[in-house]
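# Structure at a glance
Take a look at the letters that make up each chain.
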Amino acid sequence: MNAAGGGVLSITGLFKEYRSGEPVLKNINLEIEASGVTAIIGPSGTGKSTLIRCINRLVDPTAGHIIFRGEDLSQLKGKALREARCHIGMVFQEYNLVERLTVIENVLCGKLGRLPIWRPLLRKFSDQDITRAFDLIDSVGLSQEFASRRADALSGGQRQRVGIARALMQEPSLILADEPTSSLDPKTSVEIMELLDQVSREREVPVIVNIHNVDLARRFASRIIGMSAGQVVFDGPPDALQDTHLNEIYGGEDWQA
Amino acid sequence: MNRPLQIINERHWERFSSTERIGRSAFYIVTVVAFIWALKKIEVIPEFLYDAPEQTADLFKRMWPFDWKFYPDNIHPALIETFHIATLGTLISLLIAVPLAFLAARNFTSNKTLNWIAQFIFVSTRSVNSLIWALLFVAIFGPGALAGVLSIAFRSIGFVGKLFGEAIEEANRGTIEALTASGAPRSMVLVKGYWPQVSPAFWSVALLRWDINIRESAVLGLVGAGGIGVALDSAMNNLYWDQVGLILAIIFTVVIITEIVTSSIRSRIL
Amino acid sequence: MSHTAVGLRARPAAFLVHWPSRLAWIGLGLYVLYAAGQVNVSWDRIVSGMPQAAKLFGRMFPPNLAADKLDLITTGMLETIQIAVIATVVGVLLSLPLSVMAARNLSPGWLAAGARVFIAVCRSFHPVIVSILFVKAVGFGALAGVLALIVSSLGFIGKLFAEVLEELNEKQVEAIRSTGAGFLNVLIMAVLPQVFARFIGLSAYQFDSNLRNSTMVGIVGGGGIGAALFTAYQRFDYDVVLTILIVIIVLIMLAELLANNLKKIFR
């Protein structure tokens with residue numbers, strides 16, 4: 001990856017331990033460019049999820065700096081942190097929608113960070129927001145009639161699309177995806193990764209994906225970061241990923257799941 | 001709970017571990033001992049026991065037929081008042097208990113002191129019966145429905161708060177995480193993340209408590225806190241057993257109707 | 001993506017105004033205003049009661065710890081506990097066969113119907129009212145209280161345990177039955193394991209409930225600490241009232257703690 005367009009996210013010296021003496025992340029240094037899908041691969045427990053969650057502070061780093069839009073995310077608190085989070089969209093493995101709300105309400109939830117409280121309370125969203133929500137539902141591949149369906153009436157793939165629409169509603173500068181396909185069947189997984197790739201290209205937003213499936217990573221990512229035991233052991237384009245690297249990441253021939 | 005249900009140890013099968021067995025045996029032994037102790041200590045006056053059947057028969061004879069003409073002027077307004085006491089009391093308790101429940105829920109409020117204070121309020125309001133609350137409020141505000149409403153309200157805070165607090169703690173963590181990650185402030189996370197998940201539980205608990213409160217409001221009048229209990233008290237003091245019979249029958253009917261209504265609504269919510 | 005007026009009109013409405021619930025909320029608001037007026041409940045009255053409340057608390061503090069009072073209170077509390085224990089044990093034992101009779105999957109229709117009516121009657125009356133009736137029948141004293149609470153236990157455990165039994169997993173019972181086991185064996189090996197934990201839970205809850213209620217039945221003559229409480233109250237000995245209240249609260253908190261730990265042993 002060339003350093004075109006400048007880095008959007010700059011991680012330096014990131015270090016995290018849940019229990020002292022047992023670090024989960026050891027000295028991570030990364031620069032994320034302003035476009036493209038970056039896939040983080042590695043076995044379970046190696047800190048992939050922790051790394052992603054440190055970025056938007058769902059997990060607090062023990063040490064290190066995360067520079068995003070000119071601010072160090074690791075130092076922010078309260079209102080400033082919320083402000084920063086407004087610009088980072090996140091997609092989850094378990095979709096994390098509000099089950100009892102409709103699809104359109106879930107998508108509109110993406111803007112909660114920027115609306116005065118009376119709007120969601122009385123459900124009086126501006127026409128602009130509602131139109132944008134409908135457009136997003138469209139663009140993630142769901143037809144209009146889904147808008148008023150309850151979230152728990154949808155299939156896994158459909159829910160994840162809503163999750164992506166919700167993240168897009170924030171107009172984010174960065175999208176994080178924590179194992180977005182691990183709860184989906186193979187075909188739907190491909191569809192979702194395609195969607196993330198498409199979103200990244202069309203809207204020029206960098207996407208960082210945490211993923212188990214190496215083939216999917218190779219297919220859709222423009223940059224692969226391999227982690228093992230809390231450290232980055234590979235960083236480069238998919239074609240540079242050789243079996244030797246995979247052995248190092250996953251240990252032995254076990255990566256061939 | 002991540003305990004194995006059985007302990008299989010080298011061909012020796014036990015359904016419960018030894019600590020569990022000791023615990024269970026201790027429980028049975030203590031229960032039996034307590035029962036026997038209680039039986040020995042309790043005072044029963046034999047003479048009263050002998051003519052019990054006679055007394056009971058006499059009582060029922062005096063209650064029937066009911067004194068129907070007593071109804072319109074004396075009972076009907078009292079009945080309505082009982083209804084108001086139960087409903088207003090329940091509503092007031094909801095107003096107080098819901099915010100406290102959010103304070104008590106460990107996933108919403110991380111401050112342990114606040115958790116503890118809210119839980120303490122719940123336990124203490126639960127431990128005092130509505131009748132006893134009524135004694136206090138009658139002493140402060142004088143006899144009448146105001147004392148009744150406040151008694152119902154205070155007693156219900158603990159009940160509602162505990163059950164609703166538990167419902168809040170069972171809210172899906174992931175959903176809350178997602179909303180927090182998008183930069184939403186706490187108030188929004190509450191309105192759009194917690195509330196949709198816990199609202200069925202809220203209505204269910206509210207209806208349940210209202211049902212119980214109808215029952216409780218009927219007796220508060222015995223200590224002067226308004227409602228049909230007042231009519232019951234005076235009828236009993238004057239030994240007008242046919243009126244007593246009527247009042248009991250009315251209470252029974254109202255309770256049954258309320259219970260049927262609330263159970264059918266609650267089963268539809270959940 | 002176009003944002004033309006035509007495009008907007010073609011969209012389904014995002015939020016439909018749910019008229020029934022909106023009306024219900026308005027109705028509720030109106031009711032509250034009406035009822036508050038009817039029973040004369042207003043913020044002013046509450047506020048004007050504050051000085052009186054302060055006076056009351058002033059007379060309650062400090063709690064009366066005189067030896068003779070404490071004696072009286074101890075006797076009363078012990079009696080309260082005794083009433084609760086007996087009522088719970090007897091009530092639990094009696095409600096077992098009662099709930100089996102009321103379970104529609106375990107007993108014939110007519111019997112189940114009859115048992116359910118009986119349970120409904122037991123539940124409908126507040127323990128205080130039932131105590132009054134028993135006081136008339138068997139005289140003042142703890143016996144009336146015990147009987148009243150037995151009735152309330154039958155109503156509570158009878159109903160809830162019958163529901164537990166009705167939710168029995170038939171397949172497990174069938175499986176044991178197909179091994180040729182007799183009714184009692186089926187009961188022990190198939191039915192009991194499923195329901196025992198719930199039964200203990202219900203019994204513990206009922207003991208807690210009986211303990212709370214037995215603090216009250218004394219007010220109408222059913223024995224226990226209620227009588228001492230009421231007497232002190234009527235004599236304006238508010239400091240004694242406070243002592244008794246504190247003892248009651250402590251007792252009930254302990255009972256709750258016990259019940260919670262019990263659940264851990266029995267799961």
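Remember, predicted model here, so these are calculated numbers, not experimental data. All residue numbers refer to position in the chain's written sequence, counted from 1. Going through the entries in the order they are written, you letter the chains from A and number the ligands from 1. Predicted model: local features are reported for residues with pLDDT of at least 70 only, side-chain atom pairs are reported and counted for 80 or more only, and whole-chain, interface and lining totals are derived from all residues.

## A short note on the overall build of chain C
Heads up, the rule is: The secondary structure listing takes helices from DSSP runs of H or I that are at least 4 residues long and strands from runs of E that are at least 2 residues long, numbered from the N terminus. We compute the radius of gyration from the C-alpha atoms alone; for a globule the expected value is 2.2 Å times N to the 0.38, where N is the number of residues. We call two residues in contact if the C-beta atoms placed from their backbones are at most 7 Å apart.
Counting secondary structure elements, chain C contains 12 helices and 0 strands. Taken from the N to the C terminus, the helices and strands of chain C come in the order α-α-α-α-α-α-α-α-α-α-α-α. Scaling as 2.2 N^0.38, a compact globule of 267 residues should have a C-alpha radius of gyration of about 18 Å, whereas chain C reaches 27 Å, well beyond that. With respect to the three principal axes, the spread of C-alpha positions in chain C is 80 × 70 × 35 Å. Put simply, 72% of the contacts in chain C that link residues at least 6 apart link residues at least 24 apart.

## Things to note about the overall build of chain B
Applied cut-off: Three exposure classes are used, all based on how many other C-beta atoms lie within 10 Å of a residue's own C-beta (placed from the backbone): buried at 20 or more, exposed at 12 or fewer, and partly exposed between those limits.
When helices and strands are tallied, chain B shows 11 helices and 2 strands. Going residue by residue from the N terminus, the α and β elements of chain B occur as β-β-α-α-α-α-α-α-α-α-α-α-α. Over its C-alpha atoms chain B spans a radius of gyration of 25 Å, topping by over 25% the 18 Å that the globule rule assigns to 270 residues. If one aligns the C-alpha atoms of chain B with their principal axes, the spans along those axes are about 65 × 55 × 35 Å. Within chain B, the fraction of its 270 residues that count as buried is 42%. Once local pairs closer than 6 in sequence are excluded, the contacts in chain B between residues at least 24 apart make up 72%.

## Notes on unusual backbone geometry
The peptide bond linking phenylalanine 61 of chain C to proline 62 of chain C adopts the cis configuration, its omega dihedral lying at -15°. Inspection of the secondary structure assignment puts proline 62 of chain C in the loop between α4 (50-60) and α5 (67-102). In the Ramachandran plot, arginine 57 of chain A falls in the positive-phi region, its phi being about 65° despite a non-glycine side chain. The topology assignment puts arginine 57 of chain A in the loop between α1 (48-55) and β4 (63-68). Backbone geometry at phenylalanine 236 of chain C places phi at a positive 65°, although glycine is not the residue there.

## Brief notes about the sheet that holds strand β1 (residues 7-19) of chain A
Residues and elements named next belong to chain A. Operational definition: At least two DSSP bridges between two strands are required for those strands to pair.
Reading across from one edge, β2-β1-β4-β5 is the order of the 4 strands in this open sheet, with antiparallel pairing throughout. Two strands close off the open sheet at either side, each with one partner strand: β2 (22-33) and β5 (71-72). Two elements, β1 and β2, share 8 bridges in a ladder whose sense is antiparallel. Looking across to β2, one finds that serine 10 is bridged to glutamate 31.

## Observations regarding the nonpolar core
Short version of the rule: Residues of type Ala, Val, Leu, Ile, Met, Phe, Trp, Tyr and Cys that are buried and joined through C-beta atoms within 7 Å form what is called a nonpolar core.
Core analysis: the biggest nonpolar cluster contains 220 residues, and Val107 and Ile137 of chain A, Ala134 and Ile247 of chain B together with Ile244 of chain C have the highest contact counts within it. The greatest single-element share of this core, amounting to 15 residues, is contributed by helix α8 (residues 142-166) of chain C. In contact with valine 107 of chain A, not counting residues within four places along its chain, are Ala133, Leu136, Ile137, Val162, Ala165, Arg166 and Met169 of chain A.

## Thoughts on the packing of helix α5 (residues 127-139) of chain A against helix α6 (residues 156-169) of chain A
All names here are of chain A. Here is the rule: Convention adopted: a line fitted to C-alpha atoms gives each axis, helices being fitted over their contacting stretch, and angles between N-to-C directions are expressed from 0 to 180 degrees. Note that the term roughly parallel is reserved for angles under 35 degrees, roughly antiparallel for angles over 145, roughly perpendicular for angles of 65 to 115, and oblique for everything else. Whether a crossing is left-handed or right-handed is set by the direction in which the near helix is turned from the far one by less than a right angle, anticlockwise for left-handed and clockwise for right-handed. Each residue gets one of three labels, nonpolar for Ala, Val, Leu, Ile, Met, Phe, Trp, Tyr, Cys and Pro, charged for Asp, Glu, Lys and Arg, and polar for the others, Gly among them.
Between α5 and α6, the least distance of the axes is 9 Å, while the angle of their chain directions is 140°. One element, α5, and the other, α6, form an angle in the oblique class. Remark: the crossing between α5 and α6 carries right-handed chirality. Packed against α5, whose contacting residues are Arg132, Ala133, Leu136 and Ile137, the element α6 presents Ala165, Leu168 and Met169 at the interface. For the contact of α5 with α6, the residue count by class is 6 nonpolar, no polar and 1 charged.

## Section: the sheet that holds strand β6 (residues 88-92) of chain A
Residue and element names in this part refer to chain A. A sheet is described by the order of its strands in space; here 6 strands give the open sequence β6-β7-β8-β3-β9-β10, paired in mixed fashion. Of all the strands in the sheet, the pair left with one neighbour each is β6 and β10 (231-236). The average undirected angle you get between the axes of adjacent strands in this sheet is 20°. When β6 meets strand β7 (residues 174-178), the two strands line up parallel, connected through 5 bridges. Residue pairing in the sheet places valine 91 in a bridge with alanine 177 of β7. Its contacts with the sheet put α6 on β6 and β7, and the angle it makes with β6 is roughly 170°.

## Points about the interface of chain C and chain B
Chain C puts 44 residues into the contact, and the matching count from chain B is 52 residues. Broken down by secondary-structure element, the contributors of at least two residues to the side of chain C that touches chain B are α2 (19-38), α4, α5, α6 (109-124), α7 (127-138), α8 and α12 (238-266) of chain C. Looking at the side of chain C that touches chain B, the element that brings in the most residues is α12 of chain C, giving 8 residues. Of the residues assigned to the side of chain C that touches chain B, the class counts are 29 nonpolar, 10 polar and 5 charged.

## Notes on the domain arrangement of chain B
Cut-off, in case you're wondering: All the domain ranges listed were derived from an automatic or database domain assignment.
As far as domains go, chain B holds domain 1 (7-42) and domain 2 (63-269). On a C-alpha basis, the centroid separation for the pair domain 1 of chain B and domain 2 of chain B is 37 Å.

## Side note on helix α8 (residues 173-181) of chain B
Along α8 of chain B, the residues that are buried comprise Thr175, Ile176, Ala178, Leu179, Thr180 and Ala181 of chain B. In the stretch just after α8 of chain B, glycine 183 of chain B is the one whose phi turns positive, near 90°.

## Details of the pairing of β4 of chain A
All names here are of chain A. Sheet analysis places β1 next to β4, joined by 5 bridges and oriented antiparallel. Residue pairing across strands places leucine 9 opposite phenylalanine 68, the latter belonging to β4. Taken together, the 2 bridges between β4 and β5 define a ladder with antiparallel strand orientation. Of the residues in β5, the one forming a bridge with phenylalanine 68 is glutamate 71. Here β4 hands over to β5 after 2 residues, with arginine 69 in that stretch at a positive phi of 50°.

## Notes on the confidence of the model for chain B
Selection criterion: You can read pLDDT as the predictor saying how much it trusts each residue, on a scale of 0 to 100.
Per-residue confidence for chain B averages 86 on the pLDDT scale, and 90% of its residues sit at or above 70. Confidence scores differ between elements of chain B, with strand β1 (residues 7-9) of chain B showing the lowest mean pLDDT of 51 and helix α7 (residues 145-169) of chain B the highest of 94.

## Some thoughts on the environment of glycine 227 of chain B
Residue and element names in this part refer to chain B. With respect to the secondary-structure elements, glycine 227 resides in the loop between α9 (186-220) and α10 (228-237). Along the chain, glycine 227 and isoleucine 85 lie 142 residues apart, while their C-alpha atoms are 7.4 Å from each other. When neighbours within four sequence positions are excluded, glycine 227 is seen to be in contact with Ala78, Glu81, Thr82, Ile85, Ala145, Gly148, Ser217, Ala218, Leu220 and Gly221.

## A few points about the confidence of the model for chain C
Looking at chain C as a whole, the pLDDT averages 83, with 92% of positions reaching at least 70. On the interface metric, ipTM, the complex scores 0.86, and its pTM is 0.84.

## Let's talk about the environment of proline 63 of chain C
Residues and elements named next belong to chain C. Relative to the elements of secondary structure, proline 63 occurs in the loop between α4 and α5. Spatially, the C-alpha atom of proline 63 lies 42 Å from that of leucine 28, the residues being 35 residues apart in sequence. Setting aside chain neighbours within four positions, we find proline 63 in contact with Asp239, Leu242, Thr243 and Ile246.

## Notes on the pairing of strand β9 (residues 223-228) of chain A
For a regular strand, the rule is simple: side chains alternate between the two faces of the sheet. All names here are of chain A. Within β9, 5 of the 6 residues are buried, which leaves the element mostly enclosed by the surrounding structure. Of the strand pairs in this sheet, strand β3 (residues 37-41) and β9 are connected by 4 bridges, and their pairing is parallel. Counted as the bridge partner of isoleucine 41 is glycine 226 from β9. Hairpin connection from β9 to β10: 2 residues lie between these consecutive antiparallel strands, with alanine 229 at a positive phi of about 50°.

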